[in-house]
Amino acid sequence: MGQKTNPTGLRLGIIRGWDSNWYAEEGAADNVKEDHTLRTYLQNRLRSAGLSRIIIERTPKRVLLTLLTSRPGVIIGRGGEEVEKLREELKKFTKKEVQINISEIKRPEVDASLVAQNIGQQLEARISFRRAMKSAIASAMRMGAKGIKVKCSGRLGGAEMARTEQYKEGRVPLHTLRAEIDYHNHTAQTIYGSIGISVWIFKGEIIGDVDLTPAALTSKQDKQAPADKRRSGGRRGERRKRTGGQGRGRKQ
């Protein structure tokens, strides 16, 4: 089941909270449609701002948007001009007061959405797909990810027939519900056609009670742990250190 289900939806309510947080006895369908409209508009409007995730909260007279981005300065603008302009634009969709909170992502290399967008931009710039995928994997592992898997599907390299290629490093336990798997799917529009990009990033296991509120997510982004130190060379590297740089079967 873990191989065929969206990792985000599989973990909702267990270790991950919802991106839309509100309750409505009437007009729920209109709110869902409005949420979709807001997300689509923001993703197109802030395409260059490194937008990863949009969390929507509602009250009877107000809409609260939390934007998780790697480039908050692009959204805020000089003196807050851009964010004020954005707030006025969003009022036309909701007919309500709009409040915008911006949370910075300190390590974009281990955010699946930003990694997928970055690979997509490189493919659209006609950079080799293998180079883009391997570079993203190396950056994520260097910044402390426990494992990462990247898959690209389409006319890779301009080939006549579409195919799928994927690269993986570390562990990505899709069946383990306590495993924090960040997943995103992105579509790159190249001159050869659409290329689908899927990214899975394993950040570690969460044990114990989890706070699923949007405020907890924001504070988690602000207090991200520093990158884990990787073991150079794996087991072979450790063996070389113990033997003073000599390999197996060699005597000093």
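Throughout this document, residue positions are counted from 1 along each chain, in the order its sequence is written. Totals for whole chains, interfaces and linings use every residue, but because this is a predicted model, local features are given only for residues with pLDDT of at least 70 and side-chain atom pairs only at 80 or more, for both listing and counting. Side-chain figures throughout are based on the complete set of non-hydrogen atoms in the structure, without hydrogens or water.

(A) Spotlight on the sheet that holds strand β3 (residues 62–69). The 4 strands lie next to each other as β1-β2-β3-β4, forming an open sheet whose pairing is mixed. The open sheet has two edge strands, β1 (20–21) and β4 (97–104), and neither has a second partner. Note: β3 against β4, 8 bridges, orientation parallel. For L65, the partnering residue across the bridge sits in β4 and is I100. By definition, residues are in contact when any of their heavy atoms lie within 4.5 Å. Here the axes come from fitting lines to C-alpha atoms, over the contacting stretch only for helices, and the angles between their N-to-C directions go from 0 to 180 degrees. Each helix is a run of DSSP H or I of at least 4 residues and each strand a run of E of at least 2, with the numbering of both proceeding from the N terminus. Seen against the sheet, helix α2 (residues 28–45) touches β1, β2 (51–59) and β3 and runs at an angle of roughly 145° to β2. Against the sheet, helix α4 (residues 81–94) engages β3 and β4, with an angle of about 130° to β4. Two strands are counted as paired when DSSP detects at least two bridges linking them.

(B) Representation of the environment of R126 in the model. Tracing the sequence through the fold places R126 in the loop between α5 (112–124) and α6 (129–142). Apart from residues no more than four positions distant in its own chain, R126 is found in contact with I191 and Y192.

(C) Fine view of unusual backbone geometry. Even without a glycine there, the phi angle at K95 is positive, about 60°. Even without being glycine, R126 reaches a positive phi, approximately 65°. Here the term buried applies to any residue with accessible area under 20% of the maximum for its type, exposed to any over 50%, and partly exposed to those in between, with areas from a 1.4 Å probe on protein chains only. A relative accessible area of 60% places R126 in the exposed class.

(D) The arrangement of the packing of α5 against α6 in detail. Between α5 and α6, whose axes approach to 9 Å, the crossing angle comes to 155°. As summarised for this structure, α5 and α6 are arranged roughly antiparallel, according to the angle between their axes. Our pair here, α5 against α6, has a crossing hand that is right-handed. For the pair α5 and α6, contact is made by V115, I119, Q122 and L123 and by F129, A132, M133 and A136, respectively. In the scheme used here, Gly and all other residues not listed as nonpolar or charged are polar, with Ala, Val, Leu, Ile, Met, Phe, Trp, Tyr, Cys and Pro taken as nonpolar and Asp, Glu, Lys and Arg as charged. A per-class count over the contact of α5 with α6 returns 7 nonpolar, 1 polar and no charged. Oblique is the label for any angle not covered by the other classes, which are roughly parallel (under 35 degrees), roughly antiparallel (over 145) and roughly perpendicular (65 to 115). For any helix crossing, the convention is left-handed if the near helix is rotated counterclockwise from the far helix by under a right angle, and right-handed if that rotation is clockwise.

(E) Seen up close, the environment of S198. In this structure, S198 sits in strand β8 (residues 193–205). By relative accessible area, S198 is classed as buried at 8%. Here the alpha-carbon distance between S198 and S113, two residues 85 residues apart in the chain, equals 9.1 Å. If near-sequence neighbours (up to four positions away) are discounted, S198 is found in contact with K149, V150, K151, Y183, H184 and N185. A distance of 2.8 Å separates a polar atom in the side chain of S198 from a polar atom in the side chain of N185. Between N or O atoms, a polar contact is any pair within 3.5 Å; within protein, one atom must be a potential hydrogen donor and the other a potential acceptor, and residues adjacent in sequence are included only when both atoms are from side chains.

(F) Inspection of the side chain of R11 at higher detail. Along the chain, R11 turns up in the loop between α1 (7–10) and β1. In this structure, R11 is in contact with R16, P173, L174, T176, L177, A179 and I181, ignoring residues within four places of it in sequence.

(G) Focus on α5. Multiplying 1.5 Å by the helix residue count minus one yields the expected span of that helix. With 13 residues, α5 extends 18 Å from end C-alpha to end C-alpha; this agrees with the ideal 18 Å at 1.5 Å per step. Counting buried residues along α5, 10 of its 13 residues qualify, which places the element largely inside the surrounding structure. When we look at burial in α5, the residues that qualify are A112, S113, L114, V115, A116, Q117, I119, G120, Q122 and L123. Contact partners of the buried residues in α5: β2, α6, β5 (147–154), β7 (179–190) and β8.

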